[in-house]
Amino acid sequence: MTYLLAQKELTPPTAEQLKRAFKLVKGLTDADATKLANDAYGILIKNLLQDDAFLLQRTLAAEGVATEVVESGRFPKLVDPKFVRRAELTPEALVLQDPLGRPLPLPWAHMVLIAAVRVQHFGMNKTTTEERVMRYDPIRGLHSQTVLETRHKVASDAQWLVDIFLAGGALRFQIEAANFIFKHTFDRPELDLAGKVGLLVQLLSQHAPHAALNRGAFTARVSPASDFAYAGKNYLFEESAWLLWRLARAGAGG
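Residues numbered from 1 in each chain as written. Predicted model: local features only at pLDDT ≥ 70, side-chain atom pairs only at ≥ 80, totals over all residues. Heavy atoms only, no water.

A. Up close: the overall build of the protein. From N to C terminus, the protein includes six helices and eleven strands. In the protein, which comprises 254 residues, the proportion classed as buried is 39%. Of all intrachain contacts in the protein linking residues separated by at least 6 positions in sequence, the fraction that spans at least 24 positions is 66%. For the protein, the exposed area adds up to about 14500 Å²; of that, 54% sits on carbon and sulfur atoms. (Helix = DSSP H or I, 4+ residues; strand = E, 2+ residues; numbered from the N terminus. Buried < 20%, exposed > 50% of the residue type's maximum accessible area, 1.4 Å probe, protein only. Contact = heavy atoms within 4.5 Å. Areas by Shrake-Rupley, 256 points an atom, 1.4 Å probe, with all protein chains shown as cover.)

Following this line, the structure appears as structure tokens:
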């Protein structure tokens, strides 16, 4: 059985606090501490043995960082998302369309979490050029030859996702901004993709002010041009699971 260490508070530990704690656990390094301080939020570290988990908890407590040890199997897992291509805003609900084009209203009162992410996506572009050059060899003499040159270049682009959670996390709807038809929600063609995501999050949170926002949604709402980004989608999903966990515990009085 493995365990994870989850934050009890919203402020994550610093790299130095993690480094001092990690020195007591075999297999954890300063590099791990730096990466977690930059990227992890909510769930600090997973797949720990029980003794190591409680040792880290005590050490971080001495650093002023409150955490909780949780059996990995007890921590909530996100439900699979239903993908959304278009949506309309009404005073009562966010109205989606099902695959048959029928309206599917999501009442604002049922919305519990709005989570957004900008994640940098890296890929490899390959280009091949063809050129005729002159060659000489003793048998054929001077002759032309086609030479192919292949070049590889690392390319990156930002991908935006918005997750909407209802009914305590039992329902999850996901918007891939690049494939979302924004004009049915608002008509602002002058905005770039970041601006459209920021406005979408702003409108959702205005209609559902009680819904929690993750770091990405909060940043997108107040500053769409910010360079804040997650290192990967998994960090968004872990943060969302942790936020839903906190919300459920708060609702239960835990």
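B. Layout of the nonpolar core. Counting residues in each nonpolar core, the largest one holds 30 residues, and the members touching the most others are Leu 94, Met 111, Val 162, Ile 164, Val 197 and Leu 204. Among the elements of the structure, strand S6 (93–97), strand S8 (111–137), strand S9 (141–166), strand S10 (171–176), helix H4 (193–207) and helix H5 (215–222) are those that each provide at least two residues to this core. Per element, the largest residue contribution to this core is seven residues, and it comes from H4. Leave out the neighbours within four places in its chain, and Met 111 touches Leu 94, Ile 164, Phe 165, Leu 166, Ala 208, His 210 and Ala 211. (Core = buried A, V, L, I, M, F, W, Y, C linked by side-chain atoms within 4.5 Å.)

C. Spatial organisation of helix H6 (residues 233–251). Given a rise of 1.5 Å per residue, 19 residues ought to cover 27 Å, and the 27 Å separating the end C-alpha atoms of H6 matches this to within 8%. For H6, the complete set of buried residues consists of Tyr 235, Leu 236, Glu 238, Glu 239, Ser 240, Ala 241, Trp 242, Leu 243, Leu 244 and Trp 245. (Expected span 1.5 Å × (residues − 1).)

D. Here's a closer look at the sheet that holds strand S5 (residues 87–89). Spatially, S5-S6-S7 is the arrangement adopted by the three strands of the open sheet, whose pairing is antiparallel. Of all the strands in the sheet, just S5 and strand S7 (103–107) have a single pairing partner and so form its edges. Strand-to-strand twist of the sheet, defined as the mean angle between neighbouring strand axes without regard to direction, takes the value 25°. For S6 and S7, the ladder comprises five bridges, and the chain directions are antiparallel. From the neighbouring strand, Ala 93 faces S7, where its bridge partner is Pro 107. (Pairing = 2+ DSSP bridges. Axes fitted to C-alpha atoms, helices over the stretch in contact; angles between N-to-C directions.)

E. The packing of aromatic side chains, seen in detail. Evaluated as defined, the whole model comprises five aromatic pairs. Taking the centre distance of 5.5 Å and the plane angle of 80° together, the rings of Tyr 41 and Trp 242 count as edge-to-face. Here Tyr 41 is found in the loop between helix H2 (30–39) and strand S2 (43–48), whereas its partner Trp 242 is found in helix H6, with 201 residues between them in sequence. A single burial state applies to Tyr 41 and to Trp 242, both of which are buried. With 5.1 Å between their ring centres and 45° between their planes, Phe 75 and Trp 245 make a pair best called tilted. A residue pair is termed long-range when its members are at least 10 positions apart, and Phe 75 in the loop between strand S3 (67–71) and strand S4 (82–84) and Trp 245 in helix H6 qualify at 170 residues. (Phe/Tyr/Trp six-rings, centres within 6.5 Å; stacked < 30°, edge-to-face > 60°.)

F. Summary view of the pattern of salt bridges. Inspection of the entire model under this criterion finds ten salt bridges. For Glu 68, the salt bridge identified is with Arg 249, shortest N-O distance 3.1 Å. Of this pair, Glu 68 sits in strand S3 while Arg 249 sits in helix H6; the two residues are 181 residues apart in sequence, bridging distant segments of the chain. Glu 239 serves as the salt-bridge partner of Arg 215, at 3.4 Å between the closest nitrogen and oxygen. Placement of the pair is Arg 215 in helix H5 and Glu 239 in helix H6, with a sequence separation of 24 residues. Residue Glu 239 is classed as buried on the basis of its relative accessible area of 1%. (Salt bridge = Lys/Arg side-chain N within 4 Å of Asp/Glu carboxyl O.)

No statement about biological role is implied by the geometric values presented.
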